[in-house]
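Spelled out from the first residue to the last, the chains are:
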Amino acid sequence: MLANGIPLLKTADKNGYAQAAFNVNTLEQINAAVEIHEALRAPLFIQGAQLSNAFLGGRADFKKGSIEDIKRGANLLGKYVSKKSEQTDIPMVLHLDHGKSFDVIKACVDGGYTSVMIDGSSLPYDENVALTRKVSDYAHQYDVSVEGELGVIAGVEDHVFSQNSTYTNPLKALDFIKKTKIDSLAVSYGTKHGANKGKNVKLRLQVIVAIKELLLGEGLDVNIVSHGSSTIPSYIVAEINQYGGDISGSGGIPIDQLKRAIKCGVNKINIDSDIRLACTRNMREISYLNLNFYQHDSVSAIFDLLSKYPHDIDPRTFLAPVMPMVTENKTTDKYQDQLNKLINLGTKEIMGSLIVQFGMVGKAPLVKENLEK
Ligand code: G3H
Ligand code: 13P
Ligand code: ZN
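Residues numbered from 1 in each chain as written. Chains lettered and ligands numbered in written order. Predicted model: local features only at pLDDT ≥ 70, side-chain atom pairs only at ≥ 80, totals over all residues. Heavy atoms only, no water.

Moving on to the site of ligand 1. Residues in close proximity to ligand 1 include Asn23, Ala49, Leu51, Ser52, Asp97, His98, His193, Asp272, Arg276 and Arg316, which together make up its full environment. His98 places a side-chain nitrogen or oxygen 3.1 Å from an oxygen atom of ligand 1. Arg276 places a polar side-chain atom, nitrogen or oxygen, 2.9 Å from an oxygen atom of ligand 1. Protein chains bury 76% of the 310 Å² of accessible surface belonging to ligand 1 in isolation. Secondary structure elements with two or more residues in the shell around ligand 1: α3 (50-56) and β3 (92-99). Grouping the amino acids of the shell around ligand 1 by side-chain chemistry returns two nonpolar, four polar and four charged. (Near = heavy atom within 4 Å. Polar contact = N/O pair within 3.5 Å; in protein donor to acceptor, adjacent residues only side chain to side chain. Areas by Shrake-Rupley, 256 points an atom, 1.4 Å probe, with all protein chains shown as cover. Helix = DSSP H or I, 4+ residues; strand = E, 2+ residues; numbered from the N terminus. Nonpolar A, V, L, I, M, F, W, Y, C, P; charged D, E, K, R; others polar.)

On to the packing of helix α4 (residues 67-86) against helix α5 (residues 102-111). Contact geometry of α4 with α5 gives a least axis separation of 8 Å together with a crossing angle of 30°. The angle between α4 and α5 places the two elements in the roughly parallel class. As α4 runs across α5, the sense of the crossing is right-handed. Residues Ile67, Ile70, Lys71, Ala74, Asn75, Gly78 and Lys79 of α4 pack against Asp103, Val104, Ala107, Cys108, Asp110 and Gly111 of α5. (Axes fitted to C-alpha atoms, helices over the stretch in contact; angles between N-to-C directions. Parallel < 35°, antiparallel > 145°, perpendicular 65-115°, else oblique. Left-handed = near helix turned anticlockwise from the far one by under 90°. Contact = heavy atoms within 4.5 Å.)

Attention now moves to the packing of aromatic side chains. Where two aromatic rings form a pair, the distance of their centres and the angle of their planes describe that pair. Enumeration over the complete set of coordinates arrives at eight aromatic pairs. Between the aromatic rings of Phe102 and Tyr138, the centroid separation amounts to 5.3 Å while the plane-to-plane angle is 70°, which identifies the pairing as edge-to-face. Highlighted residues: Phe102 in helix α5 and Tyr138 in helix α6 (residues 125-141), separated in sequence by 36 residues. By the burial criterion, Phe102 is buried, and Tyr138 matches it. Ring centres of Tyr138 and Tyr142 lie 5.2 Å apart, and the angle between their planes is 55°; on these two criteria the pair is classed as tilted. (Phe/Tyr/Trp six-rings, centres within 6.5 Å; stacked < 30°, edge-to-face > 60°. Buried < 20%, exposed > 50% of the residue type's maximum accessible area, 1.4 Å probe, protein only.)

Take the coordination of the zinc ion (ligand 3) next. On the protein side, the zinc ion (ligand 3) has His98 (NE2), His193 (NE2) and His227 (ND1) as donor atoms, found 2.0 to 2.1 Å from it. On the basis of relative accessibility, which here comes to 1%, the residue His227 falls in the buried class. (Donors = N, O, S within 2.8 Å, 3.2 Å for Na, K, Ca; no water.)

Within β3, eight of the eight residues are buried, which leaves it mostly tucked inside the rest of the structure. In this sheet, β3 lies alongside strand β2 (residues 44-49) in parallel orientation, the contact comprising six bridges. Note on β3: the bridge partner recorded for Ala49 is Asp97. Sheet topology note: the β3/strand β4 (residues 115-118) ladder contains three bridges and is parallel. The residue of β4 that forms the bridge with Gly99 is Ile118. Taking the sense of rotation as the criterion, the β-α-β connection linking β3, α5 and β4 turns out right-handed. (Pairing = 2+ DSSP bridges. Right-handed = clockwise from strand over helix to strand, strands pointing away.)

Taken as a whole, this structure holds 21 salt bridges when the rule is applied. Across the salt bridge formed by Lys348 and Glu35, the nearest N and O atoms sit 2.3 Å from each other. One end of the pair, Lys348, is in helix α15 (residues 334-357); the other, Glu35, is in helix α2 (residues 27-39), and 313 residues separate them in sequence. Put simply, Arg59 and Asp69 hold a salt bridge, and the shortest N to O gap is 3.0 Å. Residue Arg59 is located in the loop between α3 and α4, and its partner Asp69 is located in helix α4; the two are separated by ten residues in the primary sequence. Look at Asp69 and you get buried, because its relative accessible area is 5%. (Salt bridge = Lys/Arg side-chain N within 4 Å of Asp/Glu carboxyl O.)

Here is the structure:
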């Protein structure tokens, strides 16, 4: 059952849990997502970022992806998710994460995405408003929901983390929501993208409470989104390092902080880095569990990349030699099958645990009821 983001986030808001939104980069990760969400009867919010679309568009060097690659990836994801949604009772959303331009939004709406994020947060305020409103006007014609962003969420490389000045200003958020007609808003309140979020992260929950109160006062039903929310499990980091990786200075958002954020009114929580870590750990671990594994020609190039990039946690770096597996689920032999299974299991390990922690177990029927109303 394919839906836009609105019924999932509204059901989460009304029932006091948060909808996890998981980033994926291969078709098998979508299979894994459906399997674990079905098993736990949880609504499913799948995200593809610009670079994931380029990667799934067939660009092993995804960072250099063009709009044509993104279009190809968006069409592939749109078709694949639509087909999966016909085979399951779980409500499913396909959402563009951090869309940066109108062209990318259009590519994803045309490709069959049911929800989009336009991230104009690095633009001057008026330009962010204008671009976001343009996206709302366009996407809403196709019943596609829209997420905007206000305030700078610190990032791995694009922004320097700032303690005070970049948190979302609640009054500005209200103005932004009124002017842009968005369905949900990503806010900056102390989270950070990537695996190095700091050691003792303390979220500024007042930002969430203030925005929620202002929205309530104005009778506006807009949902709040938490980006950069991976928990960065220390056991996975330790295992990566035990298996030849070299990750230092890592830290995530403690789960109790996320649970408090949910109580304060966060409705959607974005997770990418945790999934990357678990998949990378699995790809490294197999070389220790089965010493001959990477000696087979069909997977040996992956081992070379794992050895060359010990600091990297992005599975896309290591999967470049097996693009047909990534984009078509096509494998050449049992070793590639096993590799794909490791991606599936790493994805499910994270999704399963966070579905439980965020309170999503058994909530798919509630969303379905809302959809049928
Ligand atoms: O929040 C951003 C996501 O982690 C996107 O990652 O652009 O490397 O696909 P990506
Ligand atoms: P993490 O890097 O914390 O997983 O953040 C993911 C995210 O915000 C995707 O939009
Ligand atoms: Zn994000």
